[in-house]
Structures are given as structure tokens and as C-alpha cells.
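Take a look at the letters that make up each chain.
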There are 2 protein chains.
Amino acid sequence: MDVDAVVFDVFGTMTDWRSSVAAELAAVGERAGLHADWAAVADGWRRRYRPVLGRVLAGELPWQPLDALHRTMLDEALPEHGLGALGETERGELVRAWHRLRAWDDAPRGLELLHDSRLVTATLSNGGVGLLTRLAKRSGLRFDCVLSAELVRSYKPDPRVYLMAAELLEVEPGRLLMTACHPDDLEGAAKAGLRTAFVPRPLEWGPDSPPAAPPANVDLVADDLVALARTLTS
Amino acid sequence: MDVDAVVFDVFGTMTDWRSSVAAELAAVGERAGLHADWAAVADGWRRRYRPVLGRVLAGELPWQPLDALHRTMLDEALPEHGLGALGETERGELVRAWHRLRAWDDAPRGLELLHDSRLVTATLSNGGVGLLTRLAKRSGLRFDCVLSAELVRSYKPDPRVYLMAAELLEVEPGRLLMTACHPDDLEGAAKAGLRTAFVPRPLEWGPDSPPAAPPANVDLVADDLVALARTLTS
């Protein structure tokens, strides 16, 4: 595929948010003497994500850094799991769990292969620049550049986010490849004129969740990040 | 020194623009059958930099990507060295020479040492995000994040540039260290509330140029990037 740069979704595509966040919920909750199905709490927290982004994109809520949205979503999710007793300090700590997500096993190696090629790589996430920088450093994800929807104070799938990446990286949208495990992200990228690659992450929502299917007009499907890198550099 | 992140000037501090640009001028010029003191041409080109940035910051010129300013400066410099015959293609290629600068020998190692520490590193340059990303990838400079004055459509030493870096990296200005070999850059950073580190680059303008002195109130002086990294991580 004839592209000059590759941008990546981060939550889900590069990192296993579910097991990372569930582990931090368990640690913080049990220290406070609370018990719950921590993976279900993580799912309940994350399930609020798309609706709340939709409200911001519809103009019902002002744009806010993702940390602030995560806090609102957490405050809503906790009481549903009998965890309303968790205090301010614990809630702040839990919001920071999204800065410390673990990478999927194949992701660091795939990025290293791309780093050694002529292709430029960058994040393209709704997480903020600071969050993404720390997450990438900590989890061994070597991106050549850190780009965030924060730079245009919006969120994916707003086309402005994808076009900002093309403009800042100085590539034509048609020579920029968006990589994600979420069909709606790839559909947004395609509408903005980018090329798209789907990488399935069947464990994103745990072993019992139904797998996501690639969108109809996706340009490329790869099993994981190493397979993607090999295809793009072969 | 108690800081959480370190940002770096790039042209001069991390890279040897003079020998890199002189070599590209020589290659392009001699292919066109022209001869000149190529290091002097590089100096003549670069000497136009601060005055032209000053005109933009004073509101006399609109903000433009650095590539566009480099082109204007080149068009002014070439005739002074009898090189007015260089064509469009060659001039475009020469502007791209600033995307391919060589790193000073100590810079990649210093950044690797910092990458392995808790400190977050980023560029903070008047070069654009695309330029900096390609330059860093090509020259082996491993920054954790790429930040550019382009993100606020201004140039250093405008305080907005330094404060943008603190905001995006989510650190207090007083816990962010600006590293540069140029006193005016460090003075601008200090005025914005950042901490400052001076790294001398006595060869920036060639072996016969007078060395720059650190500004009066600099927080730290280090011989090179490895020494800086050791001081910050010890």
C-alpha cells in the first residue's frame, strides 16, 4: 500500500485497557475494603465512552480533556457496582489508570519494525498528548510522533481530527493510513479521505465478547501489529 | 533538579545544521555547475533566521511554516553568493535539507538515557511537527513527544510556545526544563516560568566563531547531552 505515514488508535488497538483498568480497580477497591467483579466495572466505565463523546460532538457538552470525561464516567459507573464509597483520592488515581495501560504483546515489536522503515508513525487518539506520551513511554510503544484529538479540541470520528494528522505530518490524506480495531474510527478516517487498516482485537472486551467485523471498504486487514508492519514494509 | 519533563531546542542544540546544510548546498550547487564557500552560504542563510522570526513576532509578516520562511531566506541569500542561477527544484530540495540534519554525536545517547528515566522528553522547536518527526527518526533522536511552535502558530521566544509545552505535557511550567545552546531561547523560557539548562555548542557556527555564554540566571549548565542526562537522572 502506497502510504507515507501510519496513525494508530491507542485504547483497544495498541493497549489492553480492560485488563489494565480492571487490575487497577481491584487494587484500589480492595485496599478500600470493597469487592466487585472488577472486569465488569471496567466494562461499565468504558461503555459510557462513546455516548459521552457523542454528546460532546453533538454540542450538548463542552469539549473537555479525556481525563475529565473519564472522571465523570467513573462517578456514574461506580454506584452501579456498589462502589459509591470510593473517595476523591481513589477516583483521581483510577482516572490515571488510563495513562498506564499495558500494550498488547505484538504492538511494541510492530512499531519497532515500522520505526526502522521509511514510514512515519504516530498516535491518533482521543487521549491527551500528556497521557499518550506517558503511556507510550511506559508501555514500550515507540511512536515517531504523538498526535491527539486534543490538538483540535475535538474527538474522533470528527473529520477535523484525521485531517489535522495529515496536515501536521505533511502528508496527503490519501497517503495516510489509519489503523484501528474499531470500525467507526476507520469509517470516520475513510470519510476524511484517509486509507484504513483494521486489526482485530477479539479480547478487547474480554474472552466472551463478540468479535468486531472490519468495515466494508477497509483497505487492509492484518492479524496484529507485526503482520501489519510486515505487509507495509514488504 | 526537580523537574518532570525536559524540552529541547533542535536546530543547533541537538543537530549540527551548519555542516549538514553546507553539505547539501555543495551537492546541489556543484551538480548545477556552481561553486562557492558552502559553509559561508549556510551561515548567510541561517543569519537571516532571527531577523525574519522577529518580523513575524512583531506582526510585520504573517505566521508561516518554517519551510516557507526558509525558502524566502534562501532566495535572499543565494544571489549574495553568486548562486542566483539555482532553479526551483534545487531550491525546494535545499529547503528540505533542514529535515535531514545530523545529530551531534552525544545527542542520541543523552536522549536514550533520559528515555529510560522517569523524565518525559520532547522537542520544542520552531520547526514544524512533520519536519521534527522526520528529522528525529532519521537522525536517531528518540524524543518521547514532538512539540513545535507550529501548534500555537508562533515561534520561540514567544511565551505562548513554552506554556503550550507545559500544558500539553501536563506539567507545571516550574517543573519543565528547557534545554538549548541559545541564550535568547533560555531567557524566553525563563520569562514563561520554565527552568533552563544551557548546553554549549561551540561548533554551531563553525570552528572560528566566538562561543555563546550561558544567560545569567540559567539553572544548569552541562557540557553535552550525556552530561545533562547524567545530572538529571543521578
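The residue count restarts for each chain, going from 1 along the sequence in the order it is written. By the order in which they are written, chains take letters starting at A while ligands take numbers starting at 1. Totals for whole chains, interfaces and linings use every residue, but because this is a predicted model, local features are given only for residues with pLDDT of at least 70 and side-chain atom pairs only at 80 or more, for both listing and counting. Working from all heavy atoms in the structure, the side-chain values ignore hydrogens and water.

## Thoughts on the interface of chain A and chain B
Definition in use: Contacts: residue pairs with any heavy atoms within 4.5 Å of one another. Summed over both partners, the accessible surface that disappears when two parts come together, traced with a 1.4 Å probe, is what is meant by buried area. One speaks of a salt bridge when a side-chain nitrogen belonging to Lys or Arg is within 4 Å of a carboxyl oxygen belonging to Asp or Glu. In protein, a polar contact means a hydrogen-donor-capable atom and an acceptor-capable atom, both N or O and within 3.5 Å, with residues adjacent in sequence counting only if both atoms are side-chain atoms; elsewhere, any N or O pair within 3.5 Å suffices. Each helix corresponds to a stretch of at least 4 residues labelled H or I by DSSP, and each strand to a stretch of at least 2 residues labelled E; elements are numbered beginning at the N terminus.
Taken together, the 26 residues of chain A in the interface contact 26 residues of chain B. The largest share of the area that chain A buries against chain B comes from Arg134, Lys137 and Leu168 of chain A, three residues that together contribute 30% of it. Our enumeration of links across chain A and chain B arrives at 2 salt bridges. Across the pair Lys137 of chain A and Asp144 of chain B runs a salt bridge, and its minimum N-O distance is 2.9 Å. The interface formed by chain A and chain B includes 16 residue pairs in polar contact (both at pLDDT 80 or more). Among the elements of the structure, helix H6 (107-115), helix H7 (129-139), strand S3 (145-148) and helix H8 (159-169) of chain A are those that each provide at least two residues to the side of chain A that touches chain B.

## Overview of the packing of helix H1 (residues 17-31) of chain A against helix H2 (residues 38-47) of chain A
Residue and element names in this part refer to chain A. Basically, it comes down to this: Each axis is a line fitted through C-alpha atoms, and for a helix only the stretch in contact is used; angles between axes span 0 to 180 degrees, taken between their N-to-C directions. Whether a crossing is left-handed or right-handed is set by the direction in which the near helix is turned from the far one by less than a right angle, anticlockwise for left-handed and clockwise for right-handed. Under the convention adopted here, Pro, Cys and the residues Ala, Val, Leu, Ile, Met, Phe, Trp and Tyr are nonpolar, Asp, Glu, Lys and Arg are charged, and Gly plus all remaining residues are polar.
Closest axis-to-axis distance for the H1/H2 pair is 8 Å, and the angle between their directions is 115 degrees. The two elements H1 and H2 cross, and the hand of that crossing is right-handed. Where H1 approaches H2, its residues Trp17, Arg18, Val21, Ala22, Leu25, Ala26, Gly29 and Glu30 are matched on the opposing element by Trp38, Ala39, Val41, Ala42, Asp43, Trp45 and Arg46. Here the contact of H1 with H2 is composed, by residue class, of 10 nonpolar, 1 polar and 4 charged.

## Comments concerning the sheet that holds strand S6 (residues 220-221) of chain B
Whenever strands of a sheet pair, they do so through backbone hydrogen bonds, lying parallel or antiparallel. Residues and elements named next belong to chain B. Selection rule: What makes two strands pair is DSSP finding at least two bridges between them.
Pairing is parallel in the open sheet, where 6 strands are placed in the order S3-S2-S1-S4-S5-S6. The open sheet has two free edges, formed respectively by strand S3 (145-148) and S6, since each of these has just one partner strand. With 2 bridges connecting them, strand S5 (residues 195-198) and S6 associate as parallel partners. Note on S6: the bridge partner recorded for Phe198 is Val221.

## Here we look at the domain arrangement of chain A
Residues and elements named next belong to chain A. This is how the line gets drawn: Domain borders in the structure are assigned automatically or taken from a domain database.
By the assigned domains, chain A splits into domain 1 (5-16 + 101-233) and domain 2 (17-99). Using only C-alpha atoms to locate each centre, domain 1 and domain 2 end up separated by 23 Å. Taken together, the 25 residues of domain 1 in the interface contact 21 residues of domain 2. For the pair domain 1 and domain 2, the summed buried surface comes to about 2100 Å²; carbon and sulfur atoms form 57% of the total. At the boundary of domain 1 with domain 2, the tally comes to 1 salt bridge. Arg50 is the partner of Asp184 in a salt bridge, and the nearest nitrogen-oxygen pair spans 2.3 Å. Sorting elements by how many residues they give to the side of domain 1 that touches domain 2 places H7 first, with 4 residues. By residue class, the composition of the side of domain 1 that touches domain 2 is 8 nonpolar, 7 polar and 10 charged.

## Some words on the side chain of Thr13 of chain B
All names here are of chain B. Topologically, Thr13 is positioned in the loop between strand S1 (5-8) and helix H1 (17-31). In this structure the side chain of Thr13 is engaged in a polar contact, spanning 2.6 Å, whose partner is the side chain of Asp9. Aside from chain neighbours lying at most four places away, what touches Thr13 is Trp104, Thr179, Ala180, Cys181, Arg201 and Leu225.

## Brief notes about the side chain of Arg201 of chain B
Residues and elements named next belong to chain B. The cut-off we apply is this: Buried, partly exposed and exposed residues are distinguished by accessible area as a fraction of the type maximum, computed with a 1.4 Å probe on protein chains only: under 20%, between the cut-offs, and over 50%, respectively.
Locating Arg201 in the fold gives a position in the loop between S5 and S6. Judged by relative accessible area, which is 11%, Arg201 ranks as buried. Here the side chain of Arg201 touches Thr13 through a polar contact of 2.8 Å, landing on its backbone oxygen. Apart from residues no more than four positions distant in its own chain, Arg201 is found in contact with Gly12, Thr13, Trp104, Asp106, Cys181, Asp224 and Leu225.

## Digging into helix H5 (residues 88-95) of chain A
Residue and element names in this part refer to chain A. To keep it simple, the criterion reads: Throughout, the arc means the angular range of directions from the helix axis out to the C-beta atoms.
Those residues of H5 not exposed but buried are Arg91, Leu94 and Val95. The buried residues of H5 occupy an angular sector of 100 degrees when projected down its axis, which confines them to one face. Taken together, the buried residues of H5 touch H1, H2 and helix H4 (66-80).

## What about helix H3 (residues 49-57) of chain B?
All names here are of chain B. Looking only at H3, the buried set comprises Tyr49, Val52, Leu53 and Val56. For H3, the arc enclosing every buried residue in end-on projection is 100 degrees, short of the 170-degree limit, so these residues lie on one face. Buried residues in H3 make contact with helix H2 (38-46) and helix H4 (66-80). The positive-phi residue at the C-terminal boundary of H3 is Gly59, with phi of around 85 degrees.

## A closer look at the nonpolar core
Operational definition: Joining through side-chain atoms within 4.5 Å is the link that ties buried Ala, Val, Leu, Ile, Met, Phe, Trp, Tyr and Cys residues into a set, and such a set is a nonpolar core.
Counting residues in each nonpolar core, the largest one holds 83 residues, and the members touching the most others are Phe11 and Trp45 of chain A together with Leu169 of chain B. Here this core takes 7 residues from helix H8 (residues 159-169) of chain B, the largest share from any one element. Look past the residues within four positions of Trp45 of chain A in its chain and what remains in contact with it is Val21, Leu25, His70, Met73, Leu74, Ala77, Leu94, Val95 and Trp98 of chain A. Core analysis: the next-biggest nonpolar cluster, separate from the first, contains 82 residues, Val161 of chain A together with Val6, Leu101 and Leu114 of chain B among them.

## Brief notes about the relation of the copies chain A and chain B
The relation between the two chain copies is a rotation about an axis coupled with a shift along that axis. Heads up, the condition is: Least squares is the method for superposing the copies, and the C-alpha atoms it fits come from residues with pLDDT of at least 70 in both.
Overlaying chain A with chain B gives an RMSD of 0.0 Å, the required rotation being 180 degrees about an axis along which the chain moves by 0.0 Å. Those values place the two copies in the arrangement expected of a two-fold rotation axis. Same-surface contact between copies: 100% of interface residues of chain A are shared with the interface of chain B.

## Regarding the sheet that holds strand S4 (residues 176-180) of chain A
With parallel pairing, 6 strands are arranged side by side in an open sheet as S3-S2-S1-S4-S5-S6 (chain A). Every interior strand has two partners, whereas the edge strands, S3 and strand S6 (220-221) of chain A, have only one.

## Quick look at the pairing of S3 of chain A
Residue and element names in this part refer to chain A. We apply this condition: By convention, a crossover is right-handed whenever its connection, traced from the first strand over the helix to the second and viewed with the strands pointing away, goes clockwise.
Residues Cys145 and Leu147 of S3 are buried on one face, and the alternating residues Val146 and Ser148, pointing to the opposite face, are buried as well. Here strand S2 (residues 120-125) pairs with S3 via 4 bridges, running parallel. If you follow Thr123 over to S3, its bridge partner there is Val146. As a crossover connection, the stretch from S2 through H7 into S3 is right-handed.

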